[in-house]
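# Survey of secondary and tertiary structure
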Number of protein chains: 2
Amino acid sequence: MDGERFDVVERDEWRGAAHQRAEDAVAREEPLEIRIGGVPVAVVMRTPGDDEELVRGFLVTERVVDRAEDVASVRHCADAAEDNVMQAVLARGVEVDLARLRRNLYASSSCGVCGKTSIAAAMGCAPPIADNVRVPSDVLYGLPARLRAAQEVFGRTGGLHAAGLFDERGEPLAVREDVGRHNAVDKIVGWAAAAGLLPLSRRILMVSGRVSFEIVQKALAARAPILAAVSAPSSLAVDAARAGGMTIVGFVRGERMCVYAGAERVG
Amino acid sequence: MDGERFDVVERDEWRGAAHQRAEDAVAREEPLEIRIGGVPVAVVMRTPGDDEELVRGFLVTERVVDRAEDVASVRHCADAAEDNVMQAVLARGVEVDLARLRRNLYASSSCGVCGKTSIAAAMGCAPPIADNVRVPSDVLYGLPARLRAAQEVFGRTGGLHAAGLFDERGEPLAVREDVGRHNAVDKIVGWAAAAGLLPLSRRILMVSGRVSFEIVQKALAARAPILAAVSAPSSLAVDAARAGGMTIVGFVRGERMCVYAGAERVG
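Below or above, wherever it landed, is the structure these notes cover. Sequence positions are assigned chain by chain, starting from 1 and proceeding in written order. All chains are assigned letters beginning with A, and all ligands numbers beginning with 1, in the order in which they are written. Local features in this predicted model are restricted to residues of pLDDT 70 or higher, and side-chain atom pairs are both shown and tallied only at a pLDDT of 80 or more, whereas totals for entire chains, interfaces and linings draw on every residue. Water and hydrogen atoms were dropped before computing side-chain values, which therefore reflect all heavy atoms in the structure.

### With respect to the relation of the copies chain A and chain B
As a reminder of what qualifies: For this overlay, a least-squares fit was computed on C-alpha atoms, restricted to residues scoring pLDDT of at least 70 in both copies.
For the pair chain A and chain B, the best superposition has an RMSD of 0.0 Å and corresponds to a rotation of 180 degrees with a translation of 0.0 Å parallel to the axis. Overall, the copies show the geometry of a two-fold rotation axis.

Structural data, given as structure tokens:
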């Protein structure tokens, strides 16, 4: 399994003025084309493995489908020359708005482009998350070590982001790695979709890096009540979490952390 | 200037079992819509400031234009309600292929989707970089500290990526910060475009994080002979750099580093 997720390359290892040729593992990155009903809708650059989860998660977190059950099946294309094309089949009667996939191109509205329009788009028509889960600080302090312990490939390559899903006692349900931060979250959401755990009621989504708006957007689509991170959130990530009723915990390091939104779920 | 790049928010700061309400600076993130001749072509989530550089760089590194001189002007839209719309005007006689902007959606070719097709797309029709610059290891060892010293906002927020352009003696020419790794590189390339420094002959592009395929793709479009990073490259980043004749130096930390491609330019 690991053999798919990293490549071994030759490189010069320098220390001071000396160097030697040696082998090193680097995280594997390959394009993945996602098709719906035969139509290519997106290409993501991802670490191979967990491709079905990635596609299921992507379709949910990008709001291509309204519910995880709208996706009947996801499989590698039988007629493709290699493994980098996945085909999603929608459930009977489900239609999707493929224009939503063009996330780099918002429709220009009369009010222009601003944080407010971004947040409205991220929330879709969903109400704020009302989950009443409450997690002790000790549980949150323990998450980074548990996430790191489950990262199989990071230790070999130093080059992978991670996302993990934990229950309210801090027990890990799933951890996934990817060269892309967004993909790691999508793989977790796709895993949860296949396990029948969406919406992510009473669960904690933890990411290894920073929290951008797009990470919050994906967490909101999966209805995660708590998003925790090792690093900092952006201003728009905080604004979107507050609007969406989601808790954001940043800088979880040792016995310290900062709660930027939804403080009522912590302590 | 800094006032535009971070917001001050209230959050709960936890230490052990105690917490207190306090103010904190978070990196600002806002959408920016890019228009060409009045047509919206992309929205990027970026840290405000250096917007003109960001747009000029984006148009070059995404290969929307062939040369920096193809962009006659970039300015904020006079008729937009706020500051998040930039309008690029092309030089007389220049036409662009707007379909190239849909970078999430590759054209499916008969050979399918794979690393090779990605690398071919990243290189455009350009030959491999033949720049004969050679940089001593000591110069490369010194870059992370110089990049960090020039990061104005990171120290306050811990939430910004950085990219810097250095000459072959390690002197910084420009450093830019952004919530997005790609944007930081685009701002540097846009700065270089405005300064008449494209292609990036004999210069070193340094990034604060990891090196993904897309970062190499952007560096190749700017014709950077050397790309250095604090963290790891991905497999496809290494493959693309080797195909494009670009040097990749990763894990530049203290007096250590790893050279993954183009070793002839180091030492």
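### Overview of the sheet that holds strand β4 (residues 39–46) of chain A
All names here are of chain A. Operational definition: Whether two strands pair comes down to DSSP finding at least two bridges between them. Comment: elements are numbered from the N terminus, with helices defined as DSSP H or I runs of at least four residues and strands as E runs of at least two. Axis definition: a line fit to C-alpha positions, over the contact stretch in the case of helices; interaxial angles, taken between N-to-C directions, run 0 to 180 degrees.
Judged by pairing direction, the sheet is mixed, and its four strands sit side by side in the order β4-β3-β6-β5 without closing on themselves. Since the sheet does not close on itself, it has two edges, and those belong to β4 and β5 (71–76), each with one partner. Pairwise comparison of adjacent strand axes, ignoring direction, gives a mean angle of 20 degrees for this sheet. Across four bridges, the pairing between strand β3 (residues 30–36) and strand β6 (residues 85–90) is parallel.

### So, empty space enclosed by the protein
To keep it simple, the criterion reads: Note on definitions: the grid is 1 Å and covers protein atoms alone; a cavity is a set of points where a 1.4 Å probe fits but cannot get out; a pocket is an open set with protein on both sides within 12 Å along at least five of seven lines; lining residues have an atom within 4 Å of a point. Grid points are joined across faces, edges and corners, and a volume is the space filled by probe spheres set on the points.
Applying the stated criterion to the full structure yields seven cavities of 30 Å³ or more. A volume near 70 Å³ is recorded for the largest cavity. Taken together, R181(A), R210(A), V211(A), S212(A), A232(A), P233(A), S234(A), A27(B), G159(B), H161(B) and V179(B) make up the lining of the largest cavity.

### So, the interface of chain A and chain B
The cut-off we apply is this: Residue contacts follow a heavy-atom distance rule, with two residues in contact if any of their heavy atoms lie within 4.5 Å. Salt bridges are identified by distance alone: a Lys or Arg side-chain nitrogen within 4 Å of an Asp or Glu carboxyl oxygen. We define a polar contact as two N or O atoms separated by no more than 3.5 Å, with the added condition that, inside protein, one atom must be a possible hydrogen donor and the other a possible acceptor, whereas residues neighbouring each other in sequence contribute only through side-chain atom pairs.
With 69 residues of chain A at the contact, the number on the chain B side is 69 residues. Here chain A and chain B share zero salt bridges between them. For the interface between chain A and chain B, the tally reads 22 residue pairs in polar contact (both at pLDDT 80 or more). Sheet analysis places strand β12 (residues 256–261) of chain A next to strand β1 (residues 6–15) of chain B, joined by four bridges and oriented antiparallel. By the bridge assignment, C258(A) is partnered in β1(B) with E13(B).

### Side note on unusual backbone geometry
Residues and elements named next belong to chain A. The test is simple: Type-normalised accessible area, obtained with a 1.4 Å probe on protein chains alone, sets the label of each residue: buried when under 20%, exposed when over 50%, and partly exposed for intermediate values.
Residue P199 follows L198 across a cis peptide bond; omega there is -10 degrees. Counting through the fold element by element, P199 comes out in the loop between α7 (181–194) and β9 (204–207). The phi dihedral of R63 is positive, around 55 degrees, even though this residue is not glycine. Tracing the chain through its elements places R63 in the loop between α2 (51–61) and β5. In the Ramachandran plot, R202 falls in the positive-phi region, its phi being about 65 degrees despite a non-glycine side chain. Here R202 lies in the loop between α7 and β9. Residue R202 is classed as partly exposed on the basis of its relative accessible area, which comes to 31%.

### Examining helix α9 (residues 235–244) of chain A
Residue and element names in this part refer to chain A. Most of α9 sits out of view: seven of its 10 residues are buried. Within the sequence span of α9, burial applies to S235, L236, A237, V238, A240, A241 and G244. Downstream of α9 by a residue or two, G245 has a phi angle that is positive, lying close to 70 degrees.

### Quick word on the nonpolar core
Residue and element names in this part refer to chain B. Rules: We define a nonpolar core as any set of buried Ala, Val, Leu, Ile, Met, Phe, Trp, Tyr and Cys residues linked to one another through side-chain atoms lying within 4.5 Å.
Judged by nonpolar contacts, the single largest core of 62 residues is most densely connected at L59, V211, V216, L227 and M246. A per-element tally of this core places helix α7 (residues 181–194) first, with seven residues. Excluding anything up to four places from it in sequence, L227 contacts L205, V207, V211, I215, V216, A219, M246, T247, I248 and V249.

### Section: the sheet that holds β1(B)
With mixed pairing, eight strands are arranged side by side in an open sheet as β8(A)-β7(A)-β9(A)-β10(A)-β11(A)-β12(A)-β1(B)-β2(B). The open sheet has two edge strands, β8 (172–178) of chain A together with β2 (18–27) of chain B, and neither has a second partner. Taking the axes of each pair of neighbouring strands and ignoring which way they run, one obtains an average angle of 25 degrees across the sheet. Sitting on the sheet, α7(A) is in contact with β7 (161–166), β8 and β9 of chain A, with an inclination near 145 degrees to β8(A).

### As for the packing of α7(A) against helix α8 (residues 213–221) of chain A
All names here are of chain A. Here is the rule we go by: Angles below 35 degrees are treated as roughly parallel, those above 145 as roughly antiparallel, those between 65 and 115 as roughly perpendicular, and all remaining angles as oblique. Classification convention: Asp, Glu, Lys, Arg as charged; Ala, Val, Leu, Ile, Met, Phe, Trp, Tyr, Cys, Pro as nonpolar; all other residues, Gly among them, as polar.
Orientation of α7 relative to α8, taken along the N-to-C sense of each, is 10 degrees, at an axis distance of 10 Å. What the angle tells us is that α7 and α8 run roughly parallel. Here R181, H182, V185 and D186 of α7 lie close against α8, whose contacting residues are E214, I215 and K218. For the contact of α7 with α8, a count of residues per class yields two nonpolar, one polar and four charged.

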